[in-house]
Amino acid sequence: INSNNRDTLLFFSNLGNRYKGKCNDLKTFQPSNFGQLISSVINLEYEEQIVAVVSISDNKGYMMFAYENGLISKIKIENYLGNYIKLRNSYNIESKLVSLAYIKKDVDIFCISETGKGVIFNSSEFEAKGTKNSKGNKAIRLDDNKLISCIFNIKDTDSIKVKSDNNNEYEY
C-alpha cells in the first residue's frame with residue numbers, strides 16, 4: 001500500500017473487525033529487516049487474522065466490499081474513522097469477503113464468477129450505505145456458483161487472466 005507518516009491505517013479482520021492506527025505509530029526499520037508483526041501493534045482476538053490493510057489520507061471517499069454471494073456494499077469512509085481502535089461489525093460476515101478497497105471517487109469495478117461470467121460497472125451505481133455491516137446490493141447474478149474475484153478501479157487498458165479453484169482459466 002502507498003502511505004505516508006500522516007495517514008491512518010485501517011486493518012480489517014476475518015471476523016469483521018476494523019482496527020485503526022497511525023502510520024507514525026509504527027516503528028521504522030531498515031529494508032534488510034523484516035519489520036514488525038501486526039499482532040505486536042494491535043490486539044487480535046483468538047484465531048483472528050488481518051485480511052486487508054488500507055491507508056486513508058483524509059476523510060473523503062468510500063469503503064467498497066465484495067462478497068462471495070455476488071453482493072457489493074459501499075460505505076462512507078467516515079463510518080470507519082471514529083476514535084475507537086477496534087470497531088466491531090465493520091462489514092457483513094454472512095458471506096465470505098472476496099475483496100475490499102478504499103476509493104476516493106467512483107471507479108469501474110470488474111467482477112467474475114467461478115464459471116467465468118464477468119461484468120464491469122461503475123461504483124456510482126451503488127448508493128452509499130449508512131450502516132457498516134450492510135449486506136450490500138447485487139452486483140452479479142450467480143446461480144449455484146460464487147464470486148471469485150472483484151477488482152476495483154479497473155482501466156480500459158487492463159488485461160485480466162483469472163484461474164478459478166477448479167483450474168479453469170479465463171481472459172478478459
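These numbers were taken from a predicted model, which means no experiment stands behind them. Per chain, the residues get numbers from 1 upward, laid out in the order the sequence is written. At least 70 in pLDDT is required for a residue's local features to be given in this predicted model, at least 80 for side-chain atom pairs to be given and counted, and no such filter applies to totals for whole chains, interfaces and linings, which use all residues. Hydrogens and waters are ignored; side-chain quantities use all the structure's heavy atoms.

## Topic: the overall build of the protein chain
Okay, so step 1: The helix count covers DSSP runs of H or I at least four residues long, the strand count covers runs of E at least two residues long, and both are numbered beginning at the N terminus. A tally of regular secondary structure across the protein chain gives zero helices and 13 strands.
Okay, so step 2: Listed N to C, the secondary structure of the protein chain is β-β-β-β-β-β-β-β-β-β-β-β-β in terms of helices and strands.
Okay, so step 3: The C-alpha radius of gyration of the protein chain comes to 17 Å, within 12% of the 16 Å expected for a compact globule of 172 residues.
Okay, so step 4: Principal-axis analysis of the C-alpha atoms places the extent of the protein chain at approximately 45 × 40 × 35 Å.
Okay, so step 5: By the burial criterion, 40% of the 172 residues in the protein chain qualify as buried.
Okay, so step 6: The contact criterion used is simple: two residues touch if any of their non-hydrogen atoms lie within 4.5 Å. Taking contacts inside the protein chain between residues at least 6 apart in sequence as the whole, the part at least 24 apart equals 68%.
Okay, so step 7: Per-residue accessibility takes into account occlusion by the displayed protein chains alone, with areas from the Shrake-Rupley method and a 1.4 Å probe. Accessible surface, the protein chain: about 10500 Å² in total, of which carbon and sulfur atoms supply 44%. Only C-alpha atoms enter the radius of gyration, while the globule expectation follows 2.2 Å times N to the 0.38, with N the number of residues. Relative accessibility thresholds used throughout: buried, under 20% of the residue-type maximum; exposed, over 50%; partly exposed, between the two (1.4 Å probe, protein chains only).

## Thoughts on unusual backbone geometry
Okay, so step 1: Of note in this structure, glutamate 47 is not a glycine but carries a positive phi near 60°.
Okay, so step 2: Along the chain, the position of glutamate 47 falls in the loop between strand E2 (18-22) and strand E3 (50-56).
Okay, so step 3: Given a relative accessible area of 60%, glutamate 47 falls into the exposed group.
Okay, so step 4: Positioned with a positive phi, asparagine 89 is a non-glycine residue whose angle comes to about 55°.
Okay, so step 5: Residue class for asparagine 89 comes out partly exposed when judged on its relative accessible area of 47%.

## A closer look at the side chain of serine 123
Okay, so step 1: As for its position among the elements, serine 123 is in the loop between strand E9 (118-122) and strand E10 (137-138).
Okay, so step 2: Given a relative accessible area of 0%, serine 123 falls into the buried group.
Okay, so step 3: Among residues more than four places away in sequence, those in contact with serine 123 are Met64, Lys74, Ile103, Asp106, Val107 and Ile109.

## Topic: the packing of aromatic side chains
The relation between two aromatic rings is expressed through the spacing of the ring centres and the mutual angle of the planes.
Okay, so step 1: Pairing of aromatic side chains requires ring centres within 6.5 Å, counting the rings of Phe and Tyr and the six-membered ring of Trp. Pairs whose planes differ by under 30 degrees are stacked, by over 60 edge-to-face, and all others tilted. Throughout the structure, instances matching the rule amount to six aromatic pairs.
Okay, so step 2: Measuring from centroid to centroid gives 5.8 Å for phenylalanine 12 and phenylalanine 65, while their planes differ by 75°, and the two rings are edge-to-face. One end of the pair, phenylalanine 12, is in strand E1 (residues 8-13); the other, phenylalanine 65, is in strand E4 (residues 62-67), with 53 residues separating them in the sequence.
Okay, so step 3: By relative accessible area, phenylalanine 65 is classed as buried at 0%.
Okay, so step 4: Here the aromatic rings of phenylalanine 65 and tyrosine 91 are separated by 5.4 Å at their centres, their planes lie at 20°, and the arrangement is stacked. Of this pair, phenylalanine 65 sits in strand E4 while tyrosine 91 sits in the loop between strand E6 (86-87) and strand E7 (97-103), placing them 26 residues apart in sequence.

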